Amino acid sequence: MLEYWEWFIDDHLYEYIGAYMFVALALALFTGLPVAFALGGISLIFGLIAVWIDAVDFQVFFAVINRVWGGDGQSGAVQNPILVAIPCFVFMGTMLEKSRVAADLLHILQIMLKRVPGGLALSVTVMGTIMAATTGIIGASVVMMTLLALPTMLKRGYDPALATGTIAASATLGILIPPSIMLVLMANLLVVSVGNLFIGAILPGLVLSGLYFVYILVRASLNPSIAPPIRDDEIDMQPGKPINILIYVGLCVFAVFLAYEGDVLGLSEDINWPLMAFLAVFGISMFIGKREGNTLFGGILKGFMPPIFLIVLVLGSIFAGWATPTEAAGVGAFGSMILAWVNGTLTYNVMREVCHRTGLTTAMIFFIFVGATAFSTLFRNVYGEDLIIEFIEWLELSPWPLLLLLMFAVFMLGFFFDFLEITLIILPVFAPVIRVMAPAFAPHLGLEPGTNQAAIDFVEDQVIYWFAILVAVNLQTSFLTPPFGFALFYMKGVAPSSVKMQEIYRGIIPFVTLQVIGILIVLEFPQLALWLPSLVFGK
Amino acid sequence: MDFLLKTAGVFDKIARGIGKAASWLIVPLVFFIIFDVVTRKIDWIKNLSAEVTINYGYSVSFILQDLEWHFHGMLLLLTFGFGYLMNAHVRVDIFREHCSRRRQTWIETLGLIIFAIPFLLVMIKFSFDMAYASFLQGEGSESQVGLGWRWIIKSFLVFGFLVALLAALATLFRCLGYLFGNPAQHAEAEQGIQFFTDVGVLPKVELDENGVEKTGTGKPGGEG
């Protein structure tokens, strides 16, 4: 017996402590304690065990703090200029909720799409896609979209399952379509460029949105009773006063003329005139939009200009290389304040509420970050990563089945966990495996396997970008999969009480199927994720 | 027991107050970024800051960029405790939501004693070591022209985990009051405990007729 015990401690535990750590973590997570506490506690307990069997030194926890701190230009939470983007994007998204932007956009989309079958559901999809390009968080946006759209849809006789599914799926696009805090975290963990990942996620996001669109259109055409059309007389709008349209076009042409031909008039070179012209067009649009009031022209200006303003400000400046993603996030946060101010919703109370919510969301993200850092540092120090690589070698899978297996694992984990846990715990474990497999995927990506170091690195990076986008689409799905789809929870929290959880579950199934189709499309056509960045950043 | 509950109230107020105050740091952070981005594009300000660098050995842009992550660091570290008191931290509630309130309190109590508090204590110890070492070495900015005195921001690691510890202790004391107190204490503790699954976690939100969220209906800062 004693012999067995010695063998257990000296050989077995020494070698397999990483595996026990993982199992214990799974158990601890399911107790329902805050995830960060479970991660930290498990790493402390196993750290002590590892110290006891002489596998590590207690100073390993200094390494944890060091990695929480950062400063080496890649990992770390505090001294890390990349992650400054996260509170800014959270602030931007939360502030946007408080301005009237989403409501105005939905209003005008509804009118423009009223003749199309399922017009209201389609306008929710389009709104979700556009708003996704202005916000990097979900949760709040699900609440917002449910409050805005669900009562109207139910009143018009939409099938509750279709209505809730549409809203949940469209709202979660926010986490995939850039700017996105999930992509910022992923880029940080995988040590790749945030801008590249942002731009790579645009096309897959649009593909998903297109899939939703087609699905709703087909279902509404086949069975109009689940998505009744809007009666013509119900919302009717005057097209707009010609004089205002004339003034508007005139002013815009003048602004653009200033931007490009400014030196003819001897304007100062010190000022960025294209930027000024852009701001002027925005200002003119908002002013004329207010003057027009409730007409089609005014509605279009008020509905579309604010999101376009933010998209140009944030994505445009990353696209054009004017600003780093972090700076773009700060500029976007400022832009959202301007939008709230223009719409007259920027009061002290709103500001306080937005700040507090931003603080809470930031705390939530980074507390898990601290716990996950503790866990992964310990896990690496007891050679847990080697165990995983050995396990995968033992499986003797070729690269493709392995990739599919990883995707399936992330999908299954998505049923129980949030994107944060999966990104912060699982991604660092999987990414090295994919890096090793990179040459095998090179032909599928249309690349030559590298011969010199630079070429090998390039191929590895491309494969990692593709993999990251795949995981991102997969993780967006995790918001939708019952029983623990966060979007479904947020939705249930604010939906009218007549909507049952079963209906929400039933409504989400087709959209989860569409998500899986989306993942398969990106798997089959990696250029969706890689073509746009290569265009922007060059080869 | 009354003493414990009173202490819990005090700790709660401190952690909540610090967290709420730290939440406002996002505003200066955004303004630093805006200022940095805008001034980099304007020539006469660029010349002015170049002169500062030549005369005083500091670069305005580097200082701003250092300030950005300094404020980000303070924001994220000081809100940990606030987040816990508002139950904003992610939990995997799949089994817990089927438990009674008493069992949930037991789970939380054990979790706090076994997991959270020891972990936070270890983090406090090592982050103190780190800040102290930084102070002794007189560590400054890596770029030489940025913000110096690195130990100040490093000591926010200690403060952050301390505030989180206060929040954890406040919750622990309330759990003990709930489990072992007399009926009055039991009721008082139950009022203060934030993690029951049967209470709406999400703030109630309503829209007015314009589609704008009404303010004041959801209380993001909570009571107290």
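Cut-offs used in this document
Residues numbered from 1 in each chain as written. Chains lettered and ligands numbered in written order. Predicted model: local features only at pLDDT ≥ 70, side-chain atom pairs only at ≥ 80, totals over all residues. Heavy atoms only, no water. Bend = angle between axes of the 7 residues up to and from the residue. Helix = DSSP H or I, 4+ residues; strand = E, 2+ residues; numbered from the N terminus. Phe/Tyr/Trp six-rings, centres within 6.5 Å; stacked < 30°, edge-to-face > 60°. Lys NZ or Arg CZ within 6 Å of the ring centre and 35° of its normal. 1 Å grid on protein atoms, 1.4 Å probe; cavity = no way out; pocket = protein on both sides within 12 Å on 5 of 7 lines; lining within 4 Å. Points joined across faces, edges and corners; volume = space filled by probe spheres on them. Nonpolar A, V, L, I, M, F, W, Y, C, P; charged D, E, K, R; others polar. Buried < 20%, exposed > 50% of the residue type's maximum accessible area, 1.4 Å probe, protein only. Polar contact = N/O pair within 3.5 Å; in protein donor to acceptor, adjacent residues only side chain to side chain. Contact = heavy atoms within 4.5 Å. Expected span 1.5 Å × (residues − 1). Salt bridge = Lys/Arg side-chain N within 4 Å of Asp/Glu carboxyl O.

Turning to helix α13 (residues 296–319) of chain A, a few remarks are in order. Roughly 30° is the biggest bend found in α13(A), and it falls at M305(A), with proline P306(A) one to four residues downstream. Phi turns positive, to about 80°, at G321(A), one or two residues after α13(A).

As enumerated under the stated definition, the model contains 40 aromatic pairs over all chains in all. Grouping aromatic residues by their ring pairs yields a cluster made of F37(A), F367(A), F80(B), Y84(B) and F161(B). Over the aromatic face of F126(B) sits the side chain of K125(B), whose NZ or CZ is 4.5 Å from the ring centroid.

All names here are of chain A. Within this structure, the stated rule accounts for four cavities of 30 Å³ or more. Taken as a whole, the largest cavity spans an internal volume of roughly 90 Å³. If you go around the largest cavity, the residues you meet are G93, L96, E97, S99, A102, M131, T135, S141, M144 and M145. For the lining of the largest cavity, the secondary structure elements donating two or more residues are α4 (85–98) and α7 (140–155). Of the residues that constitute the lining of the largest cavity, the class distribution is five nonpolar, four polar and one charged. By volume, the second largest cavity amounts to about 60 Å³. Together, A372, F375, S376, F379, E385, L424, I425, P428 and V429 line the second largest cavity. Of all the secondary structure elements, the ones that give two or more residues to the lining of the second largest cavity are α15 (348–381) and α18 (419–441). Its residues placed into classes, the lining of the second largest cavity shows seven nonpolar, one polar and one charged.

Further remarks concern the side chain of Q194(B). All names here are of chain B. Locating Q194 in the fold gives a position in the segment after α8 (183–192). Residue classification places Q194 among the buried residues on the basis of a relative accessible area of 15%. Within the structure, the side chain of Q194 is placed 3.4 Å from the side chain of T171, a separation counted as a polar contact. Discounting chain neighbours no more than four positions away, the residues touching Q194 are Y84, L85, N87 and T171.

What follows covers helix α7 (residues 150–180) of chain B. Along its 31 residues, α7(B) runs 45 Å from first to last C-alpha, staying within 8% of the 45 Å computed at 1.5 Å per residue. Of all the 31 residues making up α7(B), 24 are buried; the element is thus mostly covered by neighbouring parts of the structure.

It is worth spelling out the interface of chain A and chain B at this point. Each partner contributes to the interface: chain A provides 82 residues, whereas chain B provides 74 residues. Connecting chain A to chain B are zero salt bridges. The element that contributes the greatest number of residues to the side of chain A that touches chain B is α15(A), accounting for 20 residues. Residues that form the side of chain A that touches chain B fall into these classes: 55 nonpolar, 18 polar and nine charged.

Next up on the list: the pattern of salt bridges. According to the stated counting rule, one finds 13 salt bridges over all chains in the structure shown. Across the pair R380(A) and E385(A) runs a salt bridge, and its minimum N-O distance is 3.4 Å. On the basis of relative accessibility, which here comes to 41%, the residue R380(A) falls in the partly exposed class. By relative accessible area, E385(A) is classed as partly exposed at 22%. In this structure, the salt-bridge partner of D12(B) is R174(B), at a minimum N-O distance of 2.9 Å. You can see D12(B) sitting in helix α1 (residues 2–23) and its partner R174(B) sitting in helix α7, a full 162 residues away along the chain. Owing to a relative accessible area of 6%, D12(B) belongs among the buried residues under this scheme.

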